[in-house]
Number of protein chains: 2
Amino acid sequence: MRYFDHVATNPLNPEVFNAMLPYFKEEFGNPLSVYGLGQSAKQAIEDARVKVAALVNCKAQEITFTSSGAESNNMAIRGIAMARRKEGNHIIVSRVEHHSVLNSARALEKEDFVVTYLVPDKFGMVSPADIKKAINKDTILISITHASSEIGTIEPIAEIVKTAKEHNVAVHADGVATTGNIPIDVMQLGVDAYSLSAHQFYGPKGAGALYLKRGQRILPLIYGGIQENGRRAGTENVPAIVGMGKAAEMAKAELPTRMAHVKKLRDKLIDGLTKIEKVHLTGHPDNRLPGHASFVVEYIEGEGMLLMLEANDIYSASGSACTSKALKASPILLSMGYSSSVTHGSIVFSLGIDNTEEDIDQVLEHMPKIIKRLREMSPFAKEGWGAIDDLEESKEGNHV
Amino acid sequence: MRYFDHVATNPLNPEVFNAMLPYFKEEFGNPLSVYGLGQSAKQAIEDARVKVAALVNCKAQEITFTSSGAESNNMAIRGIAMARRKEGNHIIVSRVEHHSVLNSARALEKEDFVVTYLVPDKFGMVSPADIKKAINKDTILISITHASSEIGTIEPIAEIVKTAKEHNVAVHADGVATTGNIPIDVMQLGVDAYSLSAHQFYGPKGAGALYLKRGQRILPLIYGGIQENGRRAGTENVPAIVGMGKAAEMAKAELPTRMAHVKKLRDKLIDGLTKIEKVHLTGHPDNRLPGHASFVVEYIEGEGMLLMLEANDIYSASGSACTSKALKASPILLSMGYSSSVTHGSIVFSLGIDNTEEDIDQVLEHMPKIIKRLREMSPFAKEGWGAIDDLEESKEGNHV
């Protein structure tokens, strides 16, 4: 299997699994139980917290464990907005956000919040100048992704924070696609909240975390017991949390090697695929996730490519896994100025530490044939459907 | 180890763990991915949904997977309340609810909802007549636990539903302590929503579910992608969901055997412990969870008993694990009319399929000695602190 969908999920690292194992067996205690069995589970959680904190350079007590990156995003946006609602009701997000951010914001619109959706440039970059323009006296929160898993572009979070701080606005960054893939320093970024997901860096599914700067007020999303310092109730998923800690420790130790590995393969992939006629890289050419290569292929539907790649044991995606079944035009590519028909030719290869040079060779061997075949079959190629001819025009004035 | 804290958490059944294993290894796909690896994960989730549905007698599509019982409770209460907010703003809960229910209700009070907290009788039973009295034209939701993990009393949910239906009020029951421990039939109960937690029936931590009657409107707690039919976003915790399915299947198959096993041991434990002077069963004498034995021991603090039991390798609890560190008087026992000092002598033995007759013999051997020793050490015994003398009086009129 040649797996190129690491933004959807990663395989669990076997060393991480081994670290989790005792917590599926003899160490099954509830961390809130006062006896030894509970206390060793509690200690395991606190050890994991230290490791996750080290990966993003914060204090352990600034990490709250959740069940997923989506939960972390929801908690940050709703939690901070509700905690600050007396100060204002305006929130700023971008059009390149993940659905867990966009739909959290939309839900708040039904509760008397006002949301500005910033349009990025053609590379998917959000402009700090646009942020500045959008801020008004009611603005309490900005939530911008650190990098979109669909286009790989890394956003200028530190600059956005600088602008926000001049106006006493809190900043949350969705770091699900970045954490474990590039160096993260929340102190340097200056963010007030930062979301993480373990299965994006070879940890288990079912484990996420939210960095919350000390002193940042927030309301819980899940109310109940005193777990996670009263910020997130529910019996802790001890094995998953332990796994997230181990995965964070490994990601930190291996980050330079991992980055160099995927970047080298990615560059070869981009070089090779963009040589094919009318195949274009999407997202930023340089300022992007090291393992991320995303394209639009003119005159073709992404689904066809995925199926023909799968027939050759190659697994990639046409966009965000969370919406892949909807078969709708990608809102992110639309916001960057691509026409609806072109966005259907979207394909994303996200690389991981398990990918090899041979994997890339296989993609480069099969993709030209697949594209040729699909274009021959497609009536669209003749009609000009799915061609890029309107990128620049449609970019203007679509501030929705 | 003699483990008597199954309401805090259960050990994971080894067969359940084996069912989860492939999903930590080769079957790591994201269920939303269109290729085979994703689709087999998706199928595993749907198979688990059928099994969980069978355990509570509903349709598979009426089950939404969550990360915990606490999340299910939060989702049901907030989600149904917000979906029905235009119809009214009044919610009814009881004083014997878990903190995830009580604190969800309290959070809604800050958003213009009005909550009635019903006081139970001295056995912890909520009266359907009190429900009827509490319902007014603004009532939209009633949330009552099917059984409290602290006192074991099984509540008359079917009767409560009957009353509620006469007034078009939705009913949620917290089934975390009951599911897998007694037969559950949500059709027969008539509830609109029912919360489950996998680690309460030998499944994994990190997996919960919410039964939602077909047609019941609800807003999500976690917004984002299209997972769980748009009801609960976030990449699915596939291994945990598979484990919950397997645990549900086993619980259904083994339920009569499991119930008979724990009930026999429990009855022996209750008989033995209530022979000790000034040790009293709390909760309902008959209408209680088959593996649940809870007591107050006059003149003694629960913590001391727990520590001395632990020294003899016996693990029990003084109340809900979620609040065990707070060392506060149990609000549930207070609501039943016990005085604050008596509640400190609370101790809960919750039995599981792994307990043996020898375990009970050990408790019955050690407890009289421990109680004697602690009473000799305690100044309270002489001062009458922690004595039951006010149960009946304090019961009256404490509708808070």
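Residues numbered from 1 in each chain as written. Chains lettered and ligands numbered in written order. Predicted model: local features only at pLDDT ≥ 70, side-chain atom pairs only at ≥ 80, totals over all residues. Heavy atoms only, no water.

Colleague: Summarise the overall build of chain A; cite the residues concerned and give the values.
Modeller: What chain A contains, in helices and strands, is 14 helices and twelve strands. For a compact globule of 400 residues, the expected C-alpha radius of gyration is about 21 Å, and chain A comes in at 21 Å, within 12% of that figure. Overall, the C-alpha framework of chain A stretches about 70 × 50 × 30 Å when taken along its three principal axes. Expressed as a percentage of the 400 residues in chain A, the buried residues total 64%. Counting contacts in chain A only where the partners sit at least 6 residues apart, residues at least 24 apart contribute 75% of the total. As displayed, chain A offers around 14300 Å² of accessible surface, 53% of which is attributable to carbon and sulfur atoms. Chain A carries 43 positive and 49 negative side-chain charges, and their two centres are separated by 4 Å. (Helix = DSSP H or I, 4+ residues; strand = E, 2+ residues; numbered from the N terminus. Rg over C-alpha atoms; globule rule 2.2 N^0.38 Å. Buried < 20%, exposed > 50% of the residue type's maximum accessible area, 1.4 Å probe, protein only. Contact = heavy atoms within 4.5 Å. Areas by Shrake-Rupley, 256 points an atom, 1.4 Å probe, with all protein chains shown as cover. Lys, Arg positive; Asp, Glu negative; His and termini not counted. Charge placed at Lys NZ, Arg CZ, Asp CG, Glu CD.)

Colleague: Any details on the domain arrangement of chain A? Residues and values, ideally.
Modeller: Residue and element names in this part refer to chain A. Segmenting chain A into domains produces domain 1 (12-251) and domain 2 (255-390). For domain 1 and domain 2, the distance between their C-alpha centres works out to 29 Å. The interface of domain 1 with domain 2 comprises 31 residues on the first partner and 27 residues on the second. Between domain 1 and domain 2 lies a buried interface of about 2300 Å² when both sides are counted; carbon and sulfur atoms form 61% of it. Its largest share of buried area at the contact with domain 2, domain 1 owes to Glu150, Ile151 and Tyr202, together 29% of the area lost on that side. On inspection of domain 1 and its partner domain 2, the count reaches zero salt bridges. Applying the counting criterion to the domain 1 and domain 2 interface returns nine residue pairs in polar contact (both at pLDDT 80 or more). Split by residue class, the side of domain 1 that touches domain 2 holds 15 nonpolar, eleven polar and five charged. (Domains from an automatic or database assignment. Buried area = accessible area lost by both parts, 1.4 Å probe. Salt bridge = Lys/Arg side-chain N within 4 Å of Asp/Glu carboxyl O. Polar contact = N/O pair within 3.5 Å; in protein donor to acceptor, adjacent residues only side chain to side chain. Nonpolar A, V, L, I, M, F, W, Y, C, P; charged D, E, K, R; others polar.)

Colleague: Kindly report on helix H9 (residues 302-311) of chain A, identifying the contributing residues and their values.
Modeller: Three or more residues of H9(A) are buried, namely A:Gly302, A:Gly304, A:Met305, A:Leu306 and A:Leu309. The positive-phi residue at the C-terminal boundary of H9(A) is A:Asp313, with phi of around 65°.

Colleague: Can you lay out the nonpolar core for me, pointing to particular residues and giving the numbers?
Modeller: Judged by nonpolar contacts, the single largest core of 131 residues is most densely connected at A:Ile142, A:Val191, B:Ile142 and B:Val191. Residues in contact with B:Ile142, not counting those within four places in the same chain, are B:Ile92, B:Ile131, B:Ile135, B:Ile160, B:Ala164, B:Val169, B:Ala170, B:Val171 and B:His172. Counting residues in each nonpolar core, the second largest holds 52 residues, with A:Ala70, B:Ile91, B:Val101 and B:Leu102 among its members. (Core = buried A, V, L, I, M, F, W, Y, C linked by side-chain atoms within 4.5 Å.)

Colleague: Please provide a residue-by-residue account of the environment of B:Val52, values included.
Modeller: Residues and elements named next belong to chain B. Within the fold, Val52 resides in helix H2 (residues 36-56). Taking the C-alpha atoms as reference points, Val52 and His172, 120 residues apart in sequence, are found 18 Å from one another. Among all residues touching Val52, those that are not within four sequence positions of it are Ile63, Phe65, Leu196, Ala209, Met244, Gly245 and Ala248.

Colleague: Outline the packing of helix H3 (residues 69-83) of chain A against helix H4 (residues 99-109) of chain A, supporting the account with residue identities and numerical values.
Modeller: All names here are of chain A. Viewed as axis vectors pointing N to C, H3 and H4 meet at an angle of 30°, and their least axial separation amounts to 9 Å. As judged from the angle between their axes, H3 and H4 are roughly parallel. Classified by chirality, the crossing of H4 by H3 is right-handed. Seen from H3, the contacting residues are Ala70, Asn73, Asn74, Ile77, Arg78, Ala81 and Met82; seen from H4, they are Ser100, Val101, Ser104, Ala105 and Leu108. Across the contact of H3 with H4, the residue classes tally to seven nonpolar, four polar and one charged. (Axes fitted to C-alpha atoms, helices over the stretch in contact; angles between N-to-C directions. Parallel < 35°, antiparallel > 145°, perpendicular 65-115°, else oblique. Left-handed = near helix turned anticlockwise from the far one by under 90°.)

Colleague: Tell me what's going on with the interface of chain B and chain A, and back it up with residues and numbers.
Modeller: The partner chain A presents 65 residues to the 65 residues of chain B that form the contact. Of the roughly 5100 Å² buried between chain B and chain A, counting both surfaces, carbon and sulfur atoms make up 64%. Inspection of the chain B/chain A interface yields two salt bridges. With its nearest N and O atoms 3.8 Å apart, the salt bridge here joins A:Arg78 to B:Glu111.

Colleague: So what's going on with the packing of aromatic side chains? Residues and values would help.
Modeller: All told, the structure shown has 13 aromatic pairs over all chains when counted by the stated rule. With centroids separated by 5.3 Å and ring planes inclined at 40°, the aromatic side chains of A:Phe24 and B:Phe17 adopt a geometry described as tilted. Of this pair, A:Phe24 sits in the loop between helix H1 (14-20) and helix H2 (36-56) while B:Phe17 is found in helix H1 (residues 14-20), placing the two residues in two different chains. Geometrically, the ring pair formed by B:Phe4 and B:Phe349 is edge-to-face, given 5.6 Å between the ring centres and 80° between the ring planes. Residue B:Phe4 is found in the loop between strand E1 (2-3) and H1, and its partner B:Phe349 is found in strand E12 (residues 346-350); the two are separated by 345 residues along the sequence. (Phe/Tyr/Trp six-rings, centres within 6.5 Å; stacked < 30°, edge-to-face > 60°.)

Colleague: Describe a positive patch on the surface, with residues and values.
Modeller: A contiguous patch of positive charge on the surface is contributed by A:Arg85, A:Lys86, B:Arg85 and B:Lys86. Mapping A:Lys86 onto the fold places it in the loop between H3 and strand E3 (90-94). (Patch = residues over 30% accessible without salt bridge, like charges linked within 9 Å, V, L, I, M, F, W, Y side chains within 5 Å.)

Colleague: Got a sec to walk through the side chain of A:Glu62? Specific residues and values, please.
Modeller: Residue and element names in this part refer to chain A. By secondary structure assignment, the location of Glu62 is in the loop between H2 and strand E2 (63-66). There is no salt bridge for the buried Glu62, and the closest opposite charge comes from Lys59, which lies 4.4 Å off by N-O distance. Of the polar contacts made by the side chain of Glu62, one reaches the backbone nitrogen of Arg214; its length is 3.0 Å. Apart from residues lying up to four places away in sequence, Glu62 is in contact with Leu210, Tyr211, Leu212, Lys213 and Arg214.

Colleague: Explain the sheet that holds strand E6 (residues 170-174) of chain A residue by residue, including any values.
Modeller: Residue and element names in this part refer to chain A. Strands sit in the order E2-E8-E7-E6-E5-E3-E4 across an open sheet of seven strands; the sheet is mixed. The open sheet is flanked by E2 and strand E4 (114-118), the only strands paired with a single partner. Here the average twist between neighbouring strands, direction ignored, is 20°. Examined bridge by bridge, E3 and strand E5 (residues 139-145) share four bridges and lie parallel to one another. When the sheet's bridge partners are listed, Val93 is paired in E5 with Ser143. Where H2 meets the sheet, it contacts E2, strand E7 (193-197) and strand E8 (208-212), and its direction lies at approximately 115° from that of E2. Each of E2, E3, E5, E6, E7 and E8 touches H3; the most contacted strand, E7, lies at about 160° to it. (Pairing = 2+ DSSP bridges.)

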